[in-house]
Amino acid sequence: MTDQPAIEAIGLVKRYGEQRALDGVDLDVPRGAVCAMLGPNGAGKTTAVRILTTLTEPDEGSATVAGHDILRDPVSVRRSLGLAAQDATVDGLLTGRENLEMIGELHHLGRRPAKARAAELLDQFSLVDAASKLAKEYSGGMRRRLDLAATLVARPEVLFLDEPTTGLDPRARNELWAVLDTLVGQGTTVLLTTQYLEEAERLADDIVVVDHGHVIARGDARELKRQIGGDHLHVVVADPADLEAVTRIMAEVADGRPSVDAAERSVTAPTDGGVAAISALASALVDANVEVDDLGLRQPTLDDVFLTLTGSSPEYDDEVPGALAMEDAR
Ligand code: ATP
């Protein structure tokens, strides 16, 4: 029983009319692991979470959470999980403390244990000072921490976090990550969805990359990077008018398709050539009279993974910090 994964899904399909929100997704998350489902808007992440948390049923496929079948035993599934969905679940007209105590009582913890659990979570989530404030007066980051605390009142075995840090500023995001680190250290299994490459790398043991309802890659960050072949040549030009010429040069010198980031004035392409490739690139740039601001070899990012796997960059929301506006060079 303990060897059974915390989350196992086989061939999940969900259709909305003609559209396949999920098109045969498999998942296997060992107990105590953190799995990040990484993908752009509309990839199917929320649909997967809704199915696994029994909020909706799949059209095809099967899944278990904490050993319970989502279709045959949804009540046990719900008992074993916590869900922090994209919409806040706490009541804005109650204080932070009242919210947590009420949830404890709804879970039949009993009055005193519910109070004790609320106090413990307020402390763990650095909300003690704000405990007596109405939740509607909380900042975005505090509210998200309260939401997360609310999902943990009943000590779920498996935690689902749907885009836990979308819309948070970097400081609030770092605070939430620190809290998640603590949780994971305590052995909670987590499935989180994210559009942040950095978040997936930072928090997850395993990353499942989804696009248009399909899993297009999986592995840890290092494995994913290996799939697209080691190093990348990277050039930042001084004059954007040179981007086209540099893309042509890169296509000859590098070992894979170059991608252009117009906003960054950069061209990037995979290479196996190491220093020799840099040297070839440098002389070609000199011959072509291209002035560069930066030139070098760099480790691939998960953006590069996406580009290699799908032929285009992930489509981010505008508000996602750090999102790269990369364009396909072809
Ligand atoms: P986001 O980051 O925007 O939440 P996502 O990866 O979570 O994206 P889903 O919300 O799972 O994606 O949506 C996958 C696809 O299914 C989208 O094209 C979406 O429009 C569609 N979809 C999701 N829920 C419904 C619904 N209830 N009715 C019709 N279409 C839906």
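As a reminder, the structure under discussion sits directly above these lines.
Right, let's walk through the structure included here. (Residues numbered from 1 in each chain as written. Predicted model: local features only at pLDDT ≥ 70, side-chain atom pairs only at ≥ 80, totals over all residues. Heavy atoms only, no water.)

**Brief notes about the packing of helix H5 (residues 140-152) against helix H6 (residues 170-185)**
Then comes step 1: Following both chains from N to C, one finds H5 and H6 inclined at 20 degrees, their axes separated by 9 Å at the closest point. Overall, the two elements H5 and H6 adopt an arrangement that is roughly parallel. H5 and H6 meet at a crossing whose hand is right-handed. In this structure, H5 uses Gly141, Arg144, Arg145, Leu148 and Leu152 to contact H6, whose residues at the interface are Ala172, Glu175, Leu176, Val179, Leu180 and Leu183.
Then comes step 2: A per-class count over the contact of H5 with H6 returns seven nonpolar, one polar and three charged. (Axes fitted to C-alpha atoms, helices over the stretch in contact; angles between N-to-C directions. Helix = DSSP H or I, 4+ residues; strand = E, 2+ residues; numbered from the N terminus. Parallel < 35°, antiparallel > 145°, perpendicular 65-115°, else oblique. Left-handed = near helix turned anticlockwise from the far one by under 90°. Contact = heavy atoms within 4.5 Å. Nonpolar A, V, L, I, M, F, W, Y, C, P; charged D, E, K, R; others polar.)

**Let's talk about the layout of surface pockets**
Then comes step 1: By volume, the largest pocket is sized at about 400 Å³.
Then comes step 2: Lining the largest pocket are 17 residues, and of these Leu83, Ile103, His107, Ala150 and Thr151 sit closest to its centre.
Then comes step 3: Looking at the lining of the largest pocket, the elements with two or more residues in it are helix H2 (74-80), strand E6 (81-84), helix H3 (96-106) and H5.
Then comes step 4: Looking at the lining of the largest pocket element by element, the count peaks at four residues for H3.
Then comes step 5: Residue composition of the lining of the largest pocket, grouped by class: nine nonpolar, five polar and three charged. (1 Å grid on protein atoms, 1.4 Å probe; cavity = no way out; pocket = protein on both sides within 12 Å on 5 of 7 lines; lining within 4 Å. Points joined across faces, edges and corners; volume = space filled by probe spheres on them.)

**Observations concerning empty space enclosed by the protein**
Then comes step 1: Applying the stated criterion across every chain yields a total of two cavities of 30 Å³ or more.
Then comes step 2: There is about 90 Å³ of room inside the largest cavity.
Then comes step 3: Looking at the largest cavity, the residues that line it are Ala84, Ala85, Gln86, Arg144, Asp147, Leu148, Leu161, Asp162, Glu163, Pro164 and Leu176.
Then comes step 4: Among the secondary structure elements, those contributing two or more residues to the lining of the largest cavity are H5 and strand E7 (158-162).
Then comes step 5: Top contributing element to the lining of the largest cavity by residue count: H5, with three residues.
Then comes step 6: The class makeup of the residues in the lining of the largest cavity is six nonpolar, one polar and four charged.
Then comes step 7: The computed volume of the second largest cavity comes to approximately 40 Å³.
Then comes step 8: Val34, Leu180, Asp181, Val184, Val190, Leu192 and Leu203 together form the lining of the second largest cavity.
Then comes step 9: Of all the secondary-structure elements, those providing two or more residues to the lining of the second largest cavity are H6 and strand E8 (189-194).
Then comes step 10: With three residues, the top contributor of residues to the lining of the second largest cavity is H6.

**Here's the deal with the pattern of salt bridges**
Oppositely charged side chains can pair when the atoms bearing their charge come close.
Then comes step 1: The final tally for this structure, using the stated rule, is 15 salt bridges.
Then comes step 2: One salt bridge connects arginine 171 with glutamate 175, and the closest N-O pair in it is separated by 3.6 Å. Highlighted residues: arginine 171 and glutamate 175, both in helix H6, separated by four residues, approximately one helical turn.
Then comes step 3: Among the residues examined, arginine 171 registers a relative accessible area of 63% and is labelled exposed. (Salt bridge = Lys/Arg side-chain N within 4 Å of Asp/Glu carboxyl O. Buried < 20%, exposed > 50% of the residue type's maximum accessible area, 1.4 Å probe, protein only.)

**Comments concerning the pairing of strand E11 (residues 232-237)**
Then comes step 1: Along E11, six of the six residues are buried, which leaves the element largely enclosed by surrounding structure.
Then comes step 2: Sheet topology note: the E11/strand E13 (residues 266-270) ladder contains five bridges and is antiparallel. By the bridge assignment, valine 235 is partnered in E13 with valine 267.
Then comes step 3: Here E11 runs beside strand E14 (residues 292-298); their pairing, made up of six bridges, is antiparallel. Each residue of the ladder has a partner; that of leucine 233, found in E14, is leucine 297. (Pairing = 2+ DSSP bridges.)

**Brief notes about the side chain of glutamate 101**
Then comes step 1: Along the chain, glutamate 101 turns up in helix H3.
Then comes step 2: Take glutamate 101: its relative accessible area is 14%, and that puts it in the buried class.
Then comes step 3: Among all residues touching glutamate 101, those that are not within four sequence positions of it are Ala114, Lys115 and Ala118.

**Side note on the sheet that holds strand E2 (residues 19-29)**
Whenever strands of a sheet pair, they do so through backbone hydrogen bonds, lying parallel or antiparallel.
Then comes step 1: Across the sheet, four strands lie side by side as E2-E1-E4-E5; this open sheet has antiparallel pairing. Looking at which strands have only one partner, the edges of the open sheet turn out to be E2 and strand E5 (68-69).
Then comes step 2: Here strand E4 (residues 60-65) runs beside E5; their pairing, made up of two bridges, is antiparallel. What sits directly across from threonine 64, in E5, is aspartate 69.
Then comes step 3: Lying on the sheet, helix H1 (residues 45-52) is in contact with strand E1 (7-16), E2 and E4; it crosses E1 at an angle near 120 degrees.

**Observations concerning a negative patch on the surface**
Then comes step 1: Negative charge collects at one region of the surface, where Asp28, Asp205, Asp206 and Glu223 lie side by side.
Then comes step 2: Along the chain, aspartate 206 falls in strand E9 (residues 206-211). (Patch = residues over 30% accessible without salt bridge, like charges linked within 9 Å, V, L, I, M, F, W, Y side chains within 5 Å. Areas by Shrake-Rupley, 256 points an atom, 1.4 Å probe, with all protein chains shown as cover. Lys, Arg positive; Asp, Glu negative; His and termini not counted. Charge placed at Lys NZ, Arg CZ, Asp CG, Glu CD.)

**Observations concerning helix H4 (residues 111-124)**
Along an α-helix, a turn takes 3.6 residues, which lines up residues three or four apart on a common side.
Then comes step 1: Given a rise of 1.5 Å per residue, 14 residues ought to cover 20 Å, and the 20 Å separating the end C-alpha atoms of H4 matches this to within 8%.
Then comes step 2: Restricting attention to buried positions, one finds in H4 the residues Ala114, Arg117, Ala118, Leu121 and Leu122. All buried residues of H4 lie within an arc of 135 degrees about the axis, which places them on one face of the element. When the buried face of H4 is taken as reference, the exposed residues oriented beyond 90 degrees from it are Arg112 and Asp123.
Then comes step 3: Buried-residue contacts for H4 involve H3 and H5. (Expected span 1.5 Å × (residues − 1). Arc of directions from axis to C-beta.)

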